[in-house]
Number of protein chains: 2
Amino acid sequence: MNLYELSEIADKRFSNGEEIPQNIIDGIKNIVSEGGYIGMAQINPIAGNVEYNAKKIAKYIKYSSKIGLDMVVFPELALMGYPIEDTIDRHPVIVEENIKWLKGLAKITAKTTALVGFVEPRKKNAEGKKYFNSVAVLKDGKIQGIIRKSLLPNYSEFNDYRYIEPSPVVGIQPTETLGVFENPVSSSKLFENYGISICEDCWNNKEFFDKNLYEKDPIDELAQENPEVFINCSASPTRAKKEQLKHNMLSFIAKRYKTPIVYVNQVGAIDNCSFDGSSRVFGANGELIARAKSFEEQFLIVNPKKGVGKIYPLTKGLDKSLTEQKVFTLEYESDLERTYKTIVQGIRDYFNKCGLKRAVLGLSGGLDSTVCAVLLADAIGKENVFGVSMPSHITSKESKSDAAELAHNLGINFTEASIRPMIDTTTECLNDLFKVVESKWDGRYKTPFTPDNIQARSRAMFLWGISNEFASCIPIATSDKSELYMGYATINGDMSGGFAPIADVPKTKLFAFARWMNENREIKNAIPEAIILKKPGAELAIDPKTGKPLIAEDALMPYEFLDEIIWRVENKNEGYNDLLETTFVYEKHNQISKEQKIEWLDKFFRRMSTALYKWSILPPSVIVEARSINKNDYRQPITSGRINYKGVNENHINAILSDYL
Amino acid sequence: MNLYELSEIADKRFSNGEEIPQNIIDGIKNIVSEGGYIGMAQINPIAGNVEYNAKKIAKYIKYSSKIGLDMVVFPELALMGYPIEDTIDRHPVIVEENIKWLKGLAKITAKTTALVGFVEPRKKNAEGKKYFNSVAVLKDGKIQGIIRKSLLPNYSEFNDYRYIEPSPVVGIQPTETLGVFENPVSSSKLFENYGISICEDCWNNKEFFDKNLYEKDPIDELAQENPEVFINCSASPTRAKKEQLKHNMLSFIAKRYKTPIVYVNQVGAIDNCSFDGSSRVFGANGELIARAKSFEEQFLIVNPKKGVGKIYPLTKGLDKSLTEQKVFTLEYESDLERTYKTIVQGIRDYFNKCGLKRAVLGLSGGLDSTVCAVLLADAIGKENVFGVSMPSHITSKESKSDAAELAHNLGINFTEASIRPMIDTTTECLNDLFKVVESKWDGRYKTPFTPDNIQARSRAMFLWGISNEFASCIPIATSDKSELYMGYATINGDMSGGFAPIADVPKTKLFAFARWMNENREIKNAIPEAIILKKPGAELAIDPKTGKPLIAEDALMPYEFLDEIIWRVENKNEGYNDLLETTFVYEKHNQISKEQKIEWLDKFFRRMSTALYKWSILPPSVIVEARSINKNDYRQPITSGRINYKGVNENHINAILSDYL
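Residues numbered from 1 in each chain as written. Chains lettered and ligands numbered in written order. Predicted model: local features only at pLDDT ≥ 70, side-chain atom pairs only at ≥ 80, totals over all residues. Heavy atoms only, no water.

> Tell me about the overall build of chain A, and name the residues and values.
Within chain A, the secondary structure is distributed over 21 helices and 18 strands. The 661 residues of chain A split such that 65% are buried. Intrachain contacts of chain A at a sequence separation of at least 6 include 71% that bridge at least 24 residues. Within the structure as shown, chain A displays about 23100 Å² of accessible surface, and the carbon and sulfur contribution to it stands at 48%. One finds the centroid of the 83 positive side-chain charges in chain A at a distance of 2 Å from the centroid of its 87 negative side-chain charges. (Helix = DSSP H or I, 4+ residues; strand = E, 2+ residues; numbered from the N terminus. Buried < 20%, exposed > 50% of the residue type's maximum accessible area, 1.4 Å probe, protein only. Contact = heavy atoms within 4.5 Å. Areas by Shrake-Rupley, 256 points an atom, 1.4 Å probe, with all protein chains shown as cover. Lys, Arg positive; Asp, Glu negative; His and termini not counted. Charge placed at Lys NZ, Arg CZ, Asp CG, Glu CD.)

Spelled out as structure tokens, the structure:
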């Protein structure tokens, strides 16, 4: 067996918690004994659970020693998990804990060097933030030196600069500087000819990027010392389009400095961030030598100098996005496997890491709850999912039977529970109440949406009831990204839950996603075709014209049009006026008047403004797209909702200011 | 009349939107004609609403010109409002708008210099972030120069570094550098002998602070040029204990450099941040010369060189906190006026800036909803508040009558609406549903809290119904800080609403707060004594032992003990082990066993861990205390909830790691 056949057996044993057979150990040992082999320990940590992470690290240190690797590399902040955020400021006890474990881990090392990420407290009154984001070099039972992160991302989901001080120096510093680092004192930036850096430190090449976020380029500094190999310890979450940039950048660095680069990424999800792993090695010519699996823990052994490695296939979507998407398209196909794995991992890790086990969700027979049900079944197991069809007087027979069929196909638990008694009682109570309020207050709406919301909230009442009554169970919020942008989601209704799986997936992508799941899951066609074919509608109100339930697109606008607005706003930073000038894909297939377009654009910006509050109380979700409305990714004061999206011209300003002359 | 008598008349006219009478103008003009007078325009902007802010600025520029001031100073980012957060990245159109308005405002200036804060876009591909946080010097119809912020706070509620690039230079730069700034080119850092800086720039004196957050000290750099006066444009929200630091620091700077300092602060609330204003001037000896009102817009005219100014009284609490609180105490008296004004302003501005008008809340006859009702009546007007008593089978007669009496005393709208039909219907529906679920799932709780939550959610259903049915109305979440720490709040129940007024006020403070309001509001004793005297309890369940409703302290722990934990965790960064060693105030008056103390501490950390999710979906609220759980102030991954609060010792680690040797 070759190195990778042996390694796969070992990896499997690892994930099952079993001992690695001696003959496998010996086989690998034999191969790596020629020297220069590195283990890339692509692990899935729990943020702040230092002991859990330390045991995982210890396991791979022990294994690396046994098989005789030169080095084993862990992701950024491996002991603490990334991101850890303000937790280290509010609970400094876990930082002490991570230092104790680090010292303990040093003691179990021998000839194999281990690179272990940790939070390093600085001297008590040191200027700046309290901590460094550091990597310790462990060998021969000791901490041999420290590398500290210089470039601190502080945008989108990243907040490194809140509690981390940027390191003024690059490369290795003596072990005596642990926790007391003041000024650079090392003679070489390298450790045994390895040029070691942390995540963002490699994202600032001045030749590669048109625009740089920082002045310093740690990799260029390291390169001046002529390392044999670059190593980068990372924690870089997957987002649409990021893979292309990462691949090209790492390849560029290797080629530019004629030095192989070993990039070890975290895997698993921490709250809204889903990390894809896909750790890799590029050779001195910029060619890809090795790549670990995506969305799985793996221990990948490579020899960067000799070009020994194995390239595991990237999850589709990561792969396809190597060509950056420049225009909006409804062809989501290329990104669906990545979308699926990102969310499934996001759900699974949220449940596991929070100690949750089961989920309950309303099955309306519509697309949103359907896709959520499939994702949940795959993430936490069908036996742990309960779908509840909760018909009202408006719910069609088809909705009920579609929901039942879906549940049957998925093998999840299912029941039907009518909300009609809830609606009747609530409506009666509220009508009495409204009469009293009306005697004091004007402004009662003529066409109220109260009845719609009563339905959504009655359903949530059922789901939260089950969550309260049964251990380790949370309800699921089924709102999708398109509808959240429009605030088309009921507070304490469909947008309430313990987790919101598809909050970053636009509606048009969900259609493609459903089809993809029907084709690509082990059990084919679990989603009834009728669910994919029907027009989305919340089935909350009857259209007085047709006598049938209102369709969402009538209340909003065509989803194709809406999703292109969202894509342009998020990916191209286009504003109202840009959008007005753009020819939408929808316009190519449908004649719409300028007035119609203006009406939709106005509606979009108006509704988005008032949706800010809803976004602020949205349950935890997974970031999938290049940009999102996730509150960890996008911060806008709610009171700033009514900004002027259309811009002004100087005449308007001058006319107003003429009063102040 | 003296300068301040005249100014107060002018200020009153301003706030009523009336013209300033010519004799007032002439009177002030006469006084300030000797030169050296500065207007401190302490304004309340709306974040992102550039036109609204620009008109306010134009009004004061015009007035300053008319009365012949040397200079008028506006707060940090006056044109945009602070904080503006990611809004400028997602909607760059408002940055363009603020540049256009800035240029327009320049044109209306003449001899009076105006310092106007704005967001300055940098050159398209400039290294670093896209924007500077800048102040423009406007005079003689032109932009005369630009000052850029060097120190960017990025902790607690501050996120400046997310989209702002720190300025490498201090002091004034030529106007040609607007938007294209590359390298410093000015010969002097001063503008007409004024040393101008922005907010955090003055918070890094190396002699004053034991620990500094930044290397650079902009004030010290400015001081090298011997300015006659320092000016600092600020937006600094009130927080418990901050006033003392600010006062002493500004006084120190003035004295240290023998240079008066004019500090102009924003007033008003933007989401969770409530700014107190209290703009001020310190003379060259460090003595306070002038101070504007707290929590009010004001235009205060001063002459820093001549020591002309008026010292308006600080809101009590700001004042008292000049002596920093080193120990936990139940004597909240000194901070209650500040607490009141912080929250009232927070509510009022949230409503005004969001276009909301009315609030509806459940009145349980308990302390939390009572305090919320008073605050709302004072913030938005009693006619705009609707209190609803929503009794269940558990609600006592006293609770109902206390609520009615409170509403009567406050003059707010009031009605009673029983939730019994809701409880009956929901319980019946859920019992059927639970039977089905139980046939598939184990883990049904023996002593379920489902019935408690049904009550809380039925009430929220009523309140949200009213919010849906009546224009510009939101329901209020009445959860307090102590109970939120313990997760003692019902999702979609009492913790749901459009705003959470007392989410940062601990329970023991609420008792003192209620008494303070009874003594200090215009209408005395609006809060019935019975409400203050009764033991807090949610009245959701009956204690089987006593047959009376369960008291919250039985489910949690004594509030005195709980609030001291919270205070120590937040203010002293104490962890589990520190707390175990501390003698609590509660322990001085009550004998408790070590076991009891351990039980409470364990409960605190366990419940706090699982409350992280609830904090993430908490409605907008106002930050009051030195630290808070507001999600804009404190970021912790929900999946990191189960961290080890107790720490570990080396023996534990060595024992585990011995397996990995």
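> An account of the environment of A:I343 is requested, with residue identities and associated values reported.
All names here are of chain A. As for its position among the elements, I343 is in helix 8 (residues 336-354). On a C-alpha basis, the gap between I343 and D504 in space is 9.6 Å, while along the polypeptide they are 161 residues apart. Not counting residues within four places of it along the chain, the set of residues in contact with I343 comprises L375, P501, V505, F513, V622 and V624.

> Tell me about the interface of chain B and chain A, residues and numbers included.
In this assembly, 149 residues from chain B lie in contact with 149 residues from chain A. At the boundary of chain B with chain A, total buried surface from both sides reaches about 13200 Å², with 58% on carbon and sulfur atoms. Interface area lost by chain B to chain A is led by B:R90, B:W441 and B:R635, which between them contribute 8%. Joining chain B to chain A, the criterion identifies twelve salt bridges. The residue A:R444 makes a salt bridge to B:E469 at a minimum N-O spacing of 2.7 Å. Inspection of the region where chain B meets chain A yields 66 residue pairs in polar contact (both at pLDDT 80 or more). Within the side of chain B that touches chain A, the residues separate by chemical class into 67 nonpolar, 41 polar and 41 charged. (Buried area = accessible area lost by both parts, 1.4 Å probe. Salt bridge = Lys/Arg side-chain N within 4 Å of Asp/Glu carboxyl O. Polar contact = N/O pair within 3.5 Å; in protein donor to acceptor, adjacent residues only side chain to side chain. Nonpolar A, V, L, I, M, F, W, Y, C, P; charged D, E, K, R; others polar.)

> Run through the packing of aromatic side chains, naming residues and quoting values.
Under the defined criterion, the tally for this structure stands at 57 aromatic pairs over all chains. With centroids separated by 6.0 Å and ring planes inclined at 50°, the aromatic side chains of A:W615 and A:Y634 adopt a geometry described as tilted. Of this pair, A:W615 sits in helix 20 (residues 594-616) while A:Y634 sits in the loop between helix 20 and helix 21 (650-657), and the two are 19 residues apart along the sequence. An aromatic cluster is present here, built from A:Y485, A:Y576, A:F604, A:F605, A:W615, A:Y634 and A:Y645 joined pairwise through their rings. Above the plane of the ring of B:Y634 lies A:R90, whose end atom (NZ or CZ) is 4.0 Å from the centre. (Phe/Tyr/Trp six-rings, centres within 6.5 Å; stacked < 30°, edge-to-face > 60°. Lys NZ or Arg CZ within 6 Å of the ring centre and 35° of its normal.)

> Now, about the relation of the copies chain B and chain A: what can you tell me, with residues and values included?
Expressed as a screw transformation, the operator carrying chain B onto chain A has a rotation angle of 180° and an axial translation of 0.0 Å, and the superposed copies differ by an RMSD of 0.0 Å. Within this description, the copies of the chain are treated as partners about a two-fold rotation axis. When each C-alpha of chain B is compared by its distance to the rotation axis, B:I617 comes out closest, at 2.1 Å. A share of 100% of the interface residues of chain B reappears at the interface of chain A, consistent with the copies meeting face to face through the same patch. (Least-squares fit on C-alpha atoms with pLDDT ≥ 70 in both.)

> So what's going on with the sheet that holds strand 14 (residues 298-302) of chain A? Residues and values would help.
All names here are of chain A. Across the sheet, which stays open at both edges, the seven strands sit in the order 6-5-4-3-2-1-14 with mixed pairing between neighbours. At either margin of the open sheet sits one strand with a lone partner, and together these are strand 6 (172-174) and strand 14. Across the sheet, the mean angle from the axis of one strand to that of its neighbour is 35°, orientation sign disregarded. Pairing geometry for strand 3 (residues 113-121) and strand 4 (residues 131-139), over eight bridges, is antiparallel. (Pairing = 2+ DSSP bridges. Axes fitted to C-alpha atoms, helices over the stretch in contact; angles between N-to-C directions.)

> How would you sum up helix 12 (residues 450-469) of chain A? Please name residues and give values.
Every α-helical turn comprises 3.6 residues, leaving residues that sit three or four positions apart pointing alike. Under the 1.5 Å per step criterion, the end-to-end length of helix 12 of chain A is 28 Å for 20 residues, consistent within 8% with the ideal 28 Å. Most of helix 12 of chain A is tucked away, with 18 of its 20 residues classed as buried. (Expected span 1.5 Å × (residues − 1).)

> How would you sum up the sheet that holds strand 9 (residues 261-265) of chain A? Please name residues and give values.
All names here are of chain A. Read from one edge of the open sheet, five strands run 7-8-9-12-13, paired in mixed fashion. Taken across any chain shown, the strands that pair with only one partner, and hence form the sheet edges, are strand 7 (194-198) and strand 13 (288-291). The mean inter-strand angle of the sheet, taken between neighbouring strand axes irrespective of direction, is 15°. Bridge count for strand 7 against strand 8 (residues 229-234) is five bridges, and the pairing is parallel. Bridged to Y194 within strand 8 is V229. Packing against the sheet, helix 7 (residues 242-256) makes contact with strand 8, strand 9, strand 12 (280-282) and strand 13, and its axis sits at approximately 40° to strand 12.

> Explain the packing of helix 9 (residues 367-380) of chain A against helix 14 (residues 507-520) of chain A to me, using residue names and the numbers behind them.
All names here are of chain A. Between helix 9 and helix 14, the least distance of the axes is 10 Å, while the angle of their chain directions is 45°. For the element pair helix 9 / helix 14, the angle class is oblique. Like other packed secondary-structure pairs, helix 9 and helix 14 cross with a definite hand, here left-handed. In this structure, helix 9 contributes L367, D368, V371, V374 and L375 to the contact, and helix 14 contributes K507, L510, F511, F513, A514 and M517. Per-class residue counts for the contact of helix 9 with helix 14 are nine nonpolar, no polar and two charged. (Parallel < 35°, antiparallel > 145°, perpendicular 65-115°, else oblique. Left-handed = near helix turned anticlockwise from the far one by under 90°.)

> Talk me through the environment of A:E539; I want residue IDs and the actual numbers.
As for its placement among the helices and strands, A:E539 is situated in the loop between helix 15 (529-533) and helix 16 (552-555). For A:E539 and A:I311, which are 228 residues apart along the polypeptide, the C-alpha to C-alpha distance reads 48 Å.

> Explain unusual backbone geometry to me, using residue names and the numbers behind them.
Residue A:Y82 is joined to A:P83 through a cis peptide bond whose omega torsion reads 0°. Counting through the fold element by element, A:P83 comes out in the loop between strand 2 (71-73) and helix 4 (87-90). Even without being glycine, A:N573 reaches a positive phi, approximately 55°. Considering the arrangement of structural elements, one finds A:N573 in the loop between helix 17 (559-571) and helix 18 (576-581). The residue B:C199 is not glycine, and still its phi comes out positive at about 40°.

> Hey, could you go over helix 1 (residues 3-15) of chain B for me, with residue numbers and the actual values?
All names here are of chain B. The end-to-end C-alpha distance of helix 1 is 18 Å, a good match for the 18 Å that 13 residues give at a rise of 1.5 Å each. Those residues of helix 1 that are buried are in contact with helix 2 (22-32), helix 3 (50-67) and strand 14 (298-302). Among the residues of helix 1, the N-terminal cap falls to N2, whose side-chain oxygen and the backbone nitrogen of Y4 are separated by 2.8 Å. The positive-phi residue at the C-terminal boundary of helix 1 is G17, with phi of around 70°.

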